[in-house]
Amino acid sequence: MNHINILMVDDHPIIIEGYQNVLMATKQEDQTLHIDTAHNCDEAVIMIERASKKYPYHVCFFDISLPASEDGKYASGEDLALLAKKIMPRAKIVILTMFNETYRIHNIIKEIDPDGFLIKSDLTSMELADGFQQILKSPPYYSTTVNNYLKKTISSDIYVDDINRKILHLLSQGIKTKSLNEYVDISTSAIEKRKKQLKLLFSVEDGKDETLLKEAREKGFL
């Protein structure tokens, strides 16, 4: 008997119910699915830590936009995915998200390298069912939008890494560019270069920091 432990994390219960129904209806005859669900980062962390001690999950589904943990340590599905990878290295990590902007896709692949990456607007029951079986047997499985992005990927290294996130956060707190190197351990010229890259990445045409911050907020980076 092929027993599969699954964790699904999404803040919309009806979406989780839909995923569960599809997987239960389309599983193979020899598969038994045990599905745990969580609706925010705190619930998910408890379940991941508990499972890692006894019955690790085989597959974890993480929505990106989730209510953050009380202590602020986990703010998104990306943070949960990194935790799961660390303490359950054999678990298959699947990211589900509404975000379909190319830099967000690039970032998730670069930071998490998930076994499955599904954009919700691409998703049909059939695709979820096929994707799940492929993730079990021979990952990765990427939905259409992700595949199209990868086909035309610019081999640029412009992505929003931890330092870039920190620069955006500090700018949003009103810290001036010339003072940023007091908080970030790189030179002012390196900070300027990163700001230029971020403005390119977020298509900021007027060159203003305010516009950059507005775009970063709208795309869920702040």
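Data block above holds the structure.
Treat the numbers as computed from the prediction; the structure is a model and nothing was measured.

1. Quick word on the pairing of strand β2 (residues 31–38)
Turning to step 1, where the next piece is worked out: One ladder, built from eight bridges, connects strand β1 (residues 2–9) with β2; its direction is parallel. Each residue of the ladder has a partner; that of H3, found in β2, is T32.
Turning to step 2, where the next piece is worked out: Following the chain from β1 across helix α1 (residues 13–26) to the adjacent parallel β2, one finds a crossover that is right-handed.

2. A closer look at the packing of helix α3 (residues 77–87) against helix α4 (residues 102–112)
Turning to step 1, where the next piece is worked out: Viewed as axis vectors pointing N to C, α3 and α4 meet at an angle of 20 degrees, and their least axial separation amounts to 11 Å. The orientation of α3 with respect to α4, classified from their angle, is roughly parallel. Where α3 crosses over α4, the two elements pack in a sense that is right-handed. In this structure, α3 contributes E78, A81, L82 and K85 to the contact, and α4 contributes R104, N107, I108, E111 and I112.
Turning to step 2, where the next piece is worked out: Considering only residue class, the contact of α3 with α4 consists of four nonpolar, one polar and four charged.

3. Side note on the sheet that holds strand β6 (residues 141–142)
Turning to step 1, where the next piece is worked out: With parallel pairing, six strands are arranged side by side in an open sheet as β2-β1-β3-β4-β5-β6. Each end of this open sheet is capped by a strand with a single partner; those strands are β2 and β6.
Turning to step 2, where the next piece is worked out: Pairing of strand β5 (residues 116–119) with β6, which is carried by two bridges, proceeds in the parallel orientation. Bridge assignment links F117 to a residue of β6, and that residue is Y142.
Turning to step 3, where the next piece is worked out: Across the sheet, helix α2 (residues 41–53) is in contact with β1, β2 and β3 (59–63); its angle to β2 comes to roughly 140 degrees.

4. With respect to the packing of aromatic side chains
Turning to step 1, where the next piece is worked out: Taken as a whole and assessed by the stated rule, the structure comprises two aromatic pairs.
Turning to step 2, where the next piece is worked out: Ring centres of F117 and Y142 lie 6.4 Å apart, and the angle between their planes is 85 degrees; on these two criteria the pair is classed as edge-to-face. Taken together, the positions of F117 in strand β5 and Y142 in strand β6 put the pair 25 residues apart, joining distant regions of the chain. Assigned by exposure class, F117 and Y142 land together as buried.

5. Description of the layout of surface pockets
Turning to step 1, where the next piece is worked out: Taken as a whole, the largest pocket holds about 390 Å³ of empty space.
Turning to step 2, where the next piece is worked out: Along the wall of the largest pocket there are 18 residues; nearest its centre are A75, S76, E78, D79 and R165.
Turning to step 3, where the next piece is worked out: Of all the secondary structure elements, the ones that give two or more residues to the lining of the largest pocket are α3, α4 and α7 (162–172).
Turning to step 4, where the next piece is worked out: With three residues, α3 is the single largest residue contributor to the lining of the largest pocket.
Turning to step 5, where the next piece is worked out: Partitioned by chemical class, the residues of the lining of the largest pocket number seven nonpolar, four polar and seven charged.
Turning to step 6, where the next piece is worked out: Of the volumes computed, that of the second largest pocket is approximately 290 Å³.

Conventions adopted
- Residues numbered from 1 in each chain as written.
- Predicted model: local features only at pLDDT ≥ 70, side-chain atom pairs only at ≥ 80, totals over all residues.
- Heavy atoms only, no water.
- Pairing = 2+ DSSP bridges.
- Helix = DSSP H or I, 4+ residues; strand = E, 2+ residues; numbered from the N terminus.
- Right-handed = clockwise from strand over helix to strand, strands pointing away.
- Axes fitted to C-alpha atoms, helices over the stretch in contact; angles between N-to-C directions.
- Parallel < 35°, antiparallel > 145°, perpendicular 65-115°, else oblique.
- Left-handed = near helix turned anticlockwise from the far one by under 90°.
- Contact = heavy atoms within 4.5 Å.
- Nonpolar A, V, L, I, M, F, W, Y, C, P; charged D, E, K, R; others polar.
- Phe/Tyr/Trp six-rings, centres within 6.5 Å; stacked < 30°, edge-to-face > 60°.
- Buried < 20%, exposed > 50% of the residue type's maximum accessible area, 1.4 Å probe, protein only.
- 1 Å grid on protein atoms, 1.4 Å probe; cavity = no way out; pocket = protein on both sides within 12 Å on 5 of 7 lines; lining within 4 Å.
- Points joined across faces, edges and corners; volume = space filled by probe spheres on them.

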